[in-house]
Amino acid sequence: MKASKGTGGDRIAEVLVEQGVRFLFTLCGGHISPILVAAKQRGIRVVDVRHEATAVFAADAVARLTGVPGVAAVTAGPGVTNAITAVKNAQLAQTPVVVLGGATATLLKGRGSLQDIDQLALVRPHVKRAASVARRRRLVPELEAAFRAAQDGVPGPTFLECPVDLLYDESVVRGWYASAGGAGTAAGLAGRVRGWYIARHLDRLFAEPRRVRAPVRVTPRVPPLSESDLARAAGRLEGAERPVLLVGSQALLPAASAAELSAAVARLGVPAYLSGMARGLLGRAHPVLMRHRRREALREADLVLLAGVACDFRLGYGRHFRRDATLISANRSRHDLTLNRRPTLGLLGDPAEFLRRLAERASTDPEGRAPWLARLRQRDAEREREIESQCRQPTPFVNPLALCAAIDRVMDDDSVLVLDGGDFVASSSYITSPRGPLSSLDPGPFGTLGVGAGFALGAKLCRPDAEVWLLYGDGSAGFSLAEFDSFVRHGIPVIAVVGNDACWTQIAREQRKILDDDVGTVLRGTHYHRVAEGFGGAGLHIERPGEVEDVLAQAKSIARGGTPVLVNARIGETGFRDGSISI
């Protein structure tokens, strides 16, 4: 790309183009306007939303589905603070996201300027790299450094603060300072000194090197796997009678290699449990895919392979495995490799590459492991029959399990599932089956409510021909329901389903049982479908079991026609997830 001497906004946009960025998510603000305009002029689709968190969540989804860091631009002060929850979610989910933050003019920092706060102090604990640019010539290298840090090693979010006087044209900025009485217009010695100081500052602000370097594409770096450790892992696996494989989101970070990863897992022939972004990796019904009673399998396994999975609360802090079991873990994070339980063999590196190379080395023994596979498949089948039976149990309004089963039946084969909620959405994860690799999005270990609209927006932009199903709890819907306005304005026809039980049921279950009080957990059976209609979308309503199939078919038809639709489904309560609270 040819080097540019244009505005700071132009330089930022050129870096985005060079890094392969197709979408820039934002909520507009005067501090960042030049970035948005320059990005649009270069063919980047600028998608404005109603809350800064949604912008970052959408960037997060794009990064997960494409492997290219997602980018959000937020204005100064409250724009940055509104984005922090979504930034933290990306950090814990290990998603490469670049956040561009507006800031007051360089000479006004700390002087009571509008929306001027110490943004770096707030953001730094939640990102891999946080920096502020002080000279226009530093915009390109600093932004490239942000992209590099977001992708190197353990991916995560980065933050670059871009003061407003670096982004506009130099003549405009000099005019601002002159009109404010700062360029020698004031009389007397004090005025001349102030004018000299400001002129000198502006000269430094816009000073250029002899040669303005063009942006370059950043190549991420990942720790190389040890050949000797790979050989040891293959040997251990060949000697195991009851191995189990757990694949997590980190294994899907190189999104372009998802098909190769799927083939490698199939070739290994090891019973596999998939979580997070790995859900759907093996399709709906693969012989080695296991979905239920994972804890029982882990307690019986003599070897456990963790591919991009940490021993956090989801694995009982490492207590779900037998003490004498061989534990082999591959992870990009040195910290996660040994979190709560030190593995028998820990491999620092890309878990996807680990599985691909392990599949090439390890010789499988299908006959020797057939009884083990058969035992786990029998348990899965038993659990499926139990769920089918529970789906038939009557509840007030609609049985939520039956609703999830109906959604699973009608989803297209190219569907993307977005999960945002507590009890209803967690139940759906046992029943709905992602159709293929990179087809399921959930917040990750932070358990953040409110990811739904941003994730759905990013997913539909990346997969315009796919059905995008957004499953909301009625509690989580409140965080981003206003983004139906964004769906309508940008032509994003998602299908949202709200499991409406008029309650924060995930919390109420245990609170009522332990504390005998439902305070703070009671909602109303709100007409969420009418809210969607008010924003220009379509709204449908379900109250009785006999309405489910027809309404879901109608929702699919509406979305195919280009209109986003929300299905407000009144559901009852079941005992499906009693005792499921996590701490």
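Our subject is the structure listed above.
One numbering rule holds for all chains: residues counted from 1, following each sequence as written. For this predicted model, a pLDDT threshold of at least 70 governs which residues receive local features, and a threshold of 80 or more governs which side-chain atom pairs are given and counted, while totals over whole chains, interfaces and linings are taken from all residues. Working from all heavy atoms in the structure, the side-chain values ignore hydrogens and water.

Help me out: how do you make sense of the sheet that holds strand β13 (residues 416-420) in this one?
Neighbouring strands of a sheet are bound in pairs by backbone hydrogen bonds; such pairs are parallel or else antiparallel. At least two DSSP bridges between two strands are required for those strands to pair. In this text, helices come from DSSP runs of H or I with a minimum length of four residues, and strands from runs of E with a minimum of two, each type numbered from the N-terminal end. The strand order β14-β13-β15-β16-β18-β17 describes an open sheet built from 6 strands, whose pairing is parallel. Each of the sheet's edge strands pairs with one partner strand only, and the pair in question is β14 (440-441) and β17 (538-542). As paired elements, strand β15 (residues 468-473) and strand β16 (residues 495-500) share 5 bridges and run parallel to each other. Bridge pairing links Leu470 to Ala496 in β16. Relative to β15, helix α16 (residues 423-431) is tilted by about 135°, and along the sheet it contacts β13, β15 and β16. Contacts: residue pairs with any heavy atoms within 4.5 Å of one another. Helix axes use the C-alpha atoms of the stretch in contact, all axes being lines fitted to C-alpha atoms, and the angles between their N-to-C directions lie in the range 0 to 180 degrees.

What exactly am I supposed to notice about the packing of helix α15 (residues 400-410) against helix α22 (residues 548-560) here?
For any two helices packed against each other, one specifies the inter-axial angle together with the distance between the axes. Direction vectors running N to C along α15 and α22 enclose 45°, while the axes themselves pass 10 Å from each other. Considered as vectors, α15 and α22 are oriented oblique to each other. By crossing handedness, the relation of α15 to α22 is classed as right-handed. Residues Leu403, Ala406, Ile407, Arg409 and Val410 of α15 form the contact with α22, whose own contacting residues are Val548, Glu549, Leu552 and Lys556. Under the convention adopted here, Pro, Cys and the residues Ala, Val, Leu, Ile, Met, Phe, Trp and Tyr are nonpolar, Asp, Glu, Lys and Arg are charged, and Gly plus all remaining residues are polar. A per-class count over the contact of α15 with α22 returns 6 nonpolar, no polar and 3 charged. Roughly parallel means an angle under 35 degrees; roughly antiparallel, over 145; roughly perpendicular, 65 to 115; everything else is oblique. For any helix crossing, the convention is left-handed if the near helix is rotated counterclockwise from the far helix by under a right angle, and right-handed if that rotation is clockwise.

Looking at this structure, I do not really get the pairing of strand β12 (residues 345-348). What am I missing?
Two faces make up the sheet, and in a regular strand the side chains alternate between them. Burial here depends on accessible area, computed with a 1.4 Å probe over protein chains only, as a share of the maximum for the residue type. Under 20% is buried, over 50% is exposed, and the range in between is partly exposed. Every second residue of β12 is oriented toward a common face, the buried set being Leu345 and Leu347 and the non-buried set Gly346 and Leu348. Inspection of the sheet shows strand β11 (residues 326-331) paired to β12 by 4 bridges, in the parallel sense. Paired with Ala330 across the bridge in β12 is Leu347.

Sorry, what's going on with the packing of aromatic side chains here?
Each pair of aromatic rings taken from Phe, Tyr and Trp, with Trp reduced to its six-membered ring, is defined by centres within 6.5 Å and is described as stacked if the planes are under 30 degrees apart, edge-to-face if over 60, and tilted in the remaining cases. Following the criterion strictly, the structure yields 5 aromatic pairs and no others. Look at Tyr168 and Trp176: their rings are 5.0 Å apart centre to centre, the planes differ by 65°, and that puts the pair in the edge-to-face class. On the numbers, 5.5 Å between centres and 90° between planes, the contact of Tyr430 with Phe576 is edge-to-face. Of this pair, Tyr430 sits in helix α16 while Phe576 sits in the segment after β18 (565-570), placing them 146 residues apart in sequence. Judged by its relative accessible area of 35%, Tyr430 is partly exposed. Over the ring of Phe397 we find Arg570; its NZ or CZ atom is 4.1 Å from the centre of that ring. Charge-over-ring contacts are defined here by two conditions on Lys NZ or Arg CZ: a distance within 6 Å of the ring centre and an angle within 35 degrees of the ring normal.

Please explain the sheet that holds strand β5 (residues 129-132) as it appears in this structure.
Taken together, 6 strands build an open sheet; the order of strands is β2-β1-β3-β4-β6-β5 and the sheet is parallel. The strands lining the two open edges of the sheet, one partner per strand, are β2 (45-48) and β5. Sheet twist, expressed as the average angle between the axes of neighbouring strands with direction ignored, equals 20°. Judged from the 4 bridges that link them, β5 and strand β6 (residues 158-163) form a sheet pairing that is parallel. Across the sheet, the residue bridging to Ala130 is Phe159, located in β6.

What should I look at first to understand the environment of Leu274 in this one?
Along the chain, Leu274 falls in strand β8 (residues 272-274). Overall, the relative accessible area of 16% leaves Leu274 in the buried class. Sequence separation between Leu274 and Ala569 is 295 residues; the distance between their C-alpha atoms is 28 Å. Those residues in contact with Leu274 that lie beyond four places of it in its chain are Val247, Arg279, Gly280, Leu281, Leu282 and Leu289.

How do you make sense of α16 when you look at a structure like this?
The α-helix winds at 3.6 residues per turn, so residues separated by three or four positions along the chain end up facing the same way. Among the 9 residues of α16, 7 are classified as buried, and the element is accordingly described as predominantly covered. By the burial criterion, the buried members of α16 are Asp423, Phe424, Val425, Ala426, Ser427, Ser428 and Ile431.

Help me understand the pairing of β2, please; the structure alone is not making it clear to me.
Bridging between strand β1 (residues 23-26) and β2 involves 4 bridges; their strand directions are parallel. What sits directly across from Phe25, in β2, is Val47. Taken together, β1, helix α2 (residues 33-41) and β2 form a β-α-β motif whose crossover is right-handed. Orienting the strands away from the viewer, one traces the path from the first strand over the helix to the second; a clockwise path indicates a right-handed crossover.

Is there a simple way to think about the pattern of salt bridges in this case?
Oppositely charged side chains can form a pair if their charged atoms are brought close together. Basic side-chain nitrogens of Lys or Arg form a salt bridge, by our definition, when they fall within 4 Å of a carboxyl oxygen of Asp or Glu. Applying the stated rule across the entire model yields 40 salt bridges. Note that Glu227 is salt-bridged to Arg357, the shortest N-O span being 2.0 Å. Remark: Arg357 occurs in helix α13 (residues 351-361) and Glu227 occurs in helix α9 (residues 227-238); sequence separation between them is 130 residues. In this structure Glu227 comes out as partly exposed when scored by relative accessible area, which is 41%.

For this particular structure, what's the right way to read the state of the cysteines?
By definition, a disulfide links the sulfur atoms of two cysteine residues through a covalent bond. Cysteine sulfur pairs qualify as disulfides if the two atoms are within 2.5 Å. All chains considered together, the criterion is met by 0 disulfides. Cys28 takes part in no disulfide bond, and the closest cysteine sulfur, belonging to Cys162, lies 17 Å away. In this structure Cys28 comes out as exposed when scored by relative accessible area, which is 56%.

For this particular structure, what's the right way to read helix α4 (residues 78-93)?
Multiplying 1.5 Å by the residue count of a helix minus one yields the expected span of that helix. The end-to-end C-alpha distance of α4 is 24 Å, a good match for the 22 Å that 16 residues give at a rise of 1.5 Å each. Approximately 40° is the largest bend angle found in α4, and it occurs at Ile84. Those residues of α4 not exposed but buried are Gly79, Val80, Ala83, Ile84, Ala86, Val87, Asn89, Ala90 and Ala93. On its buried face, α4 is in contact with α3 (52-66), β3 (70-74), β4 (97-103), α5 (119-123), β6 and α17 (452-462). Positive phi appears at Gln94, one or two residues downstream of α4, with a value of about 60°. Bend, at a single residue, is the angle you get between axes fitted to the 7 residues ending at that residue and the 7 residues starting at it.

Where do I start with the nonpolar core in this structure?
Most often, soluble globular proteins have nonpolar side chains that are buried together. If you look at the biggest cluster of nonpolar residues, it comprises 92 residues, and the most contacted ones within it are Phe25 and Phe354. Of the residues forming this core, the biggest block, 9 residues, is contributed by α3. Once you skip the residues sitting within four places of it in the chain, Phe354 turns out to touch Leu225, Leu230, Ala233, Leu305, Ile328, Ala330 and Leu347. Take the buried Ala, Val, Leu, Ile, Met, Phe, Trp, Tyr and Cys residues and link them wherever side-chain atoms come within 4.5 Å; each set so joined is a nonpolar core.

Hey, could you run me through the environment of Ala103 in this one?
Along the polypeptide, Ala103 turns up in strand β4. For Ala103, a relative accessible area of 3% gives the class buried. For the pair Ala103 and Asp116, spaced 13 residues apart in sequence, the C-alpha separation works out to 6.8 Å. With residues near it in sequence (within four places) discarded, Ala103 still touches His31, Ala76, Gln119, Glu161, Cys162, Pro163 and Val164.

Just to check I follow, could you spell out the packing of α15 against α16 for this structure?
Across the interface, α15 lies against α16 with an axial gap of 9 Å and an inter-helix angle of 50°. As judged from the angle between their axes, α15 and α16 are oblique. For α15 against α16, the interelement crossing comes out right-handed. Contacts from Pro400, Leu401, Leu403, Cys404, Ala405 and Asp408 of α15 reach α16 at Phe424, Ser427, Ser428 and Ile431. Of the residues that constitute the contact of α15 with α16, the class distribution is 7 nonpolar, 2 polar and 1 charged.

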